[in-house]
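Below, each chain spelled out in residue letters.
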Amino acid sequence: MSYSDDPKLRRQLLRDKQNAKIAGVCSGIANYFNIEAWLVRIIVVTAVIFGHGFVIILYIAAWMILDEKPLTDAQGKTEHKPIGLKTKVYEAGEPPRRAFHEIDHEFRELESRLQAMERYVTSNAYQVDRELKNL
């Protein structure tokens, strides 16, 4: 179990020097939001290009302010990050068929919730509740 997987530990924004390219700020942000570091790096580079230097100042400030992620856990063991364990479709580079099935499943869940809300709003119970609130 890695440092960020333990639900008892409070999530903290820390620099990840182990996966760093420059100072570990982008990889720390990626760990905090549970996304790929390359995606954060692309966003930062794009922001630097269009941000007129403001993003560079923010990056340097984060470099100075953020603490480093510890390399060992509480028992003194070195932490091991599970290799290849991804939870979201956009993180893993999965085959399109699997990605489609996951998106389709999420869509069907949302559709069923929407149908349940529509049934309630068009029911007599909703009208009664609404009239009681207007009293």
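Remember, it's a predicted structure, so these values are computed and weren't measured experimentally.

Chemist: So, the packing of helix α2 (residues 37-51) against helix α3 (residues 54-65): which residues are in play, and what are the values?
Modeler: Running from amino to carboxyl end, α2 crosses α3 at an angle of 135°, the nearest separation of the two axes being 7 Å. Compared by their axis directions, α2 and α3 come out oblique. Facing α2, whose interface residues are V44, A47, V48 and G51, α3 presents F54, V55 and I56. Along the lines of polarity and charge, the residues of the contact of α2 with α3 split into 6 nonpolar, 1 polar and no charged.

Chemist: Now, about the pattern of salt bridges: what can you tell me, with residues and values included?
Modeler: Counting across every chain of the model gives 2 salt bridges. Taking the shortest distance from any N to any O, the salt bridge between R15 and E68 comes out at 3.6 Å. With R15 in the segment before α1 (25-33) and E68 in the loop between α3 and α4 (89-92), the pair connects residues that are 53 residues apart, well separated along the chain. A relative accessible area of 8% means that R15 is categorised as buried. Across the pair D104 and R108 runs a salt bridge whose closest N-O atoms are separated by 3.0 Å.

Rules and cut-offs
Residues numbered from 1 in each chain as written. Predicted model: local features only at pLDDT ≥ 70, side-chain atom pairs only at ≥ 80, totals over all residues. Heavy atoms only, no water. Axes fitted to C-alpha atoms, helices over the stretch in contact; angles between N-to-C directions. Helix = DSSP H or I, 4+ residues; strand = E, 2+ residues; numbered from the N terminus. Parallel < 35°, antiparallel > 145°, perpendicular 65-115°, else oblique. Contact = heavy atoms within 4.5 Å. Nonpolar A, V, L, I, M, F, W, Y, C, P; charged D, E, K, R; others polar. Salt bridge = Lys/Arg side-chain N within 4 Å of Asp/Glu carboxyl O. Buried < 20%, exposed > 50% of the residue type's maximum accessible area, 1.4 Å probe, protein only.

The values reported here are purely geometric and, on their own, carry no functional implication.
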